[in-house]
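So you can see what is in the structure, the chains are spelled out below.
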Amino acid sequence: MRLTTGQALVSFLAQQYIERDGVEHQFFGGCFGIFGHGNVAGIGEALYERPHLLTYYQARNEQAMVHAAVGYARMRNRLGTLACTTSIGPGATNLVTGAALATVNRLPVLLLPGDVFASRRPDPVLQQLEVPWRGDVSVNDALQPVSRYFDRIDRPEQLIPGALSAMRVLVNQAETGAATLACPQDVQAEAYDFPEEFLARRVWHVPRPLPDAEVLTAAARAIREARRPLLVAGGGVIYSAAAEALRRFVERTGVPVAETQAGKGSLPYDHPAGLGAIGVTGTFAANAIAREADLVIGVGTRWTDFTTASKTAFGDPDVRYVNVNVADFDAAKLAALTLVGDARATLERLTELLSEYRVADDYRELVARLNTEWDAEVERLYELGHSPLPAQSEVIGAVNGATEPADVVVCAAGSMPGDLHKLWRTRDSKGYHVEYGYSCMGYEIAGGLGVKMAAPEREVYVLVGDGSYLMLSTEIVTSIQEGLKLTIVLVDNHGFNSIGALSRSLGTDGFGTQYRYRRDGSLGVDSDGSPAPVLPVDLAANAESLGARVIRCRSVADLRAGLEEAKREESTVVLAIEVDRYEGVPSYESWWDVPVAEVSSVDAVRAARRAYEQARERERTPV
Ligand SMILES: Cc1ncc(C[n+]2csc(CCOP(=O)(O)OP(=O)(O)O)c2C)c(N)n1
Ligand SMILES: [Mg+2]
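Described in the following lines is the structure provided in the data block.

Thresholds, definitions, all that
- Residues numbered from 1 in each chain as written.
- Chains lettered and ligands numbered in written order.
- Predicted model: local features only at pLDDT ≥ 70, side-chain atom pairs only at ≥ 80, totals over all residues.
- Heavy atoms only, no water.
- Near = heavy atom within 4 Å.
- Polar contact = N/O pair within 3.5 Å; in protein donor to acceptor, adjacent residues only side chain to side chain.
- Areas by Shrake-Rupley, 256 points an atom, 1.4 Å probe, with all protein chains shown as cover.
- Helix = DSSP H or I, 4+ residues; strand = E, 2+ residues; numbered from the N terminus.
- Buried < 20%, exposed > 50% of the residue type's maximum accessible area, 1.4 Å probe, protein only.
- Contact = heavy atoms within 4.5 Å.
- Donors = N, O, S within 2.8 Å, 3.2 Å for Na, K, Ca; no water.
- Pairing = 2+ DSSP bridges.
- Axes fitted to C-alpha atoms, helices over the stretch in contact; angles between N-to-C directions.

**Quick look at the site of ligand 1**
As a matter of local geometry, ligand 1 sits amid 15 residues, with Ser-415, Ser-439, Gly-467, Asn-497 and Ser-498 nearest to it. Interatomic distance of 3.2 Å between a backbone N/O atom of Met-441 and a nitrogen atom of ligand 1. Interatomic distance of 2.8 Å between a backbone N/O atom of Asn-497 and an oxygen atom of ligand 1. When the free accessible area of ligand 1 is taken as 580 Å², the share hidden by the protein chains comes to 77%. Where the shell around ligand 1 is concerned, the elements lending two or more residues are α20 (466-471) and α22 (497-505).

Take a look at the structure:
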């Protein structure tokens, strides 16, 4: 069929389906795009000509549209995503942060940046980067290291292997991330006789591979020999829809479960074997059990430094590791017994192999008691009654109290993700959506939009700090345009509280983390050393100007009432509340490796360096 490359691409994308466990889904839920030269007349024309094939969504910022695609993909457990088309130059490079976020988090997105002319006729075209010593470079090459697949479609027929390779990576549970097809603008508009087979309906099967039988037997033996085993559930548990299999494994064996950020919700918060968050932002329950564990079973986790508390979480000198992961790269981490396989299938098989095994009663009772004690700590922090400004933990309590189990909370950066990891009571395995692989300021609202697109039947609560809001909040406009309601709680502490607290703990006094005037050449400080006045930033007014319904809350009681009022609104609501920046949720027996200056004239920095060197002695990398 004679089509332009852009038309063939759109037709191809509309025909891609994915199937797991016998259930088929359309893989692309639509295509986000911001047009400029480089896509307006190519892919833009194709979307305009055939709107029934692929729904076009307008966005405000290219980075934000990748965030939305990521939110969508995560909500769909990687069984779907959105495509993103851009113009050349700045439109294309705005994708880089979103691409990195997708690849770091192992979530599929398809990026279609426009590119300079393949023919090179108008060399240099507007927005082209000229590299004197190389003719085949464009700014899109910046997407290579952050993509799991990259191709440049320099001739129409190259679309055929390029698009198929991109799909292979997007649907592969071990390899997925950003796939980039850079599309030179002349090629997008060029016609070619594309074969019917390329444009036909195609179903990609997602298997549930099992690890090697011998390794499974060895893993079952290691678990049977363990007295204090701990399972760490990562995002892979949720993407593989293994929460139910995990519950059966836990109820059969009594092995307790701690959760990473992406794995939170693997068990409901009140399950007696659930220890909640582990690591730097972990609960005292999980971190106490981790310290003593003799066997750690990672399921679907990448073992980031936040999970391992920078390799200090597991204190038993003889601790052993078993890793279940669909990606051998992750399964081999921590010198673990390496089980390469699907989380659900592997947990089911292990449950069968361990039919005779059960942890000792006193260990189970200890875990259940810690769970109850932790819940009392959550309750205390929810009801702190801090004044005159409330604490952030009370905001979390109010939002948690207002939500239904299936509602989704979305967050990404600042002090909120750590507090949510500890304190959010998750009741549904898809109810917790904190992007903490890249912890990207500005993901919150855009990512929340993607979550709502993937699950319009759920209410989506976005918790966003003032810093993140200032960085990227413009998809409020898109949410209103598309009738996709978000309930956004804007938690204002007039600055970067997380980094401020970190800076204070490392001896640098919160330098550069508050929004204050520059006076007499100094940022944020008056000539007498006192803090300069806070900048007159009114984020609620900003949200209002973007078309959101805004509710200004002066107290937690206001917030509770506001959340009820927000439920009656049909479109996006922003609830703005100020919190006390100095009233943080404590850290529970954990540590994060952040290097402190080895030499400094500042006493507090030198003291922090001494504490750092001491703490670092506990770091252990298993080999
Ligand atoms: C894009 C990006 N830039 C910088 C950072 C580093 N960083 C992490 S949290 C943070 C401050 C966030 O401020 P805010 O959203 O107000 O949350 P708060 O820390 O006050 O809770 C910064 C600068 C980041 N995570 N992402
Ligand atoms: Mg802030």
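Resuming the write-up.
**Quick look at the side chain of Thr-283**
Along the polypeptide, Thr-283 turns up in the loop between β14 (274-277) and α12 (284-292). For Thr-283, a relative accessible area of 1% corresponds to the buried category. Engagement of the side chain of Thr-283 in a polar contact is seen with the backbone nitrogen of Ala-286, the distance being 2.9 Å. Aside from chain neighbours lying at most four places away, what touches Thr-283 is Leu-275, Gly-276, Ala-277, Trp-374, Lys-422 and Tyr-588.

**As for the coordination of the magnesium ion (ligand 2)**
Around the magnesium ion (ligand 2), the protein contributes the donor atoms Asp-466 (OD), Asn-493 (OD1) and Gly-495 (O), at 2.0 to 2.5 Å from the metal centre. Between consecutive donors of the magnesium ion (ligand 2), the numbers of intervening residues give the motif D-x26-N-x1-G. Within this pair, whereas Asp-466 is found in helix α20, its partner Gly-495 is found in the loop between β21 (487-492) and α22, the two being separated by 29 residues in sequence. Exposure class is identical for Asp-466 and Gly-495. Each is buried.

**Some thoughts on the sheet that holds strand β8 (residues 149-152)**
Spatial strand order, β5-β4-β6-β7-β9-β8: six strands in an open sheet with parallel pairing. The outermost strands of the open sheet, each flanked by one partner alone, are β5 (56-58) and β8. Each strand axis lies, on average, 20° off the axis of its neighbour in the sheet, ignoring direction. With four bridges connecting them, β8 and strand β9 (residues 178-184) associate as parallel partners. Residue pairing for β9: Asp-151 is matched across the bridge by Leu-181. Each of β4 (28-33), β6 (81-86), β7 (109-115) and β9 touches helix α1 (residues 5-14); the most contacted strand, β7, lies at about 175° to it.

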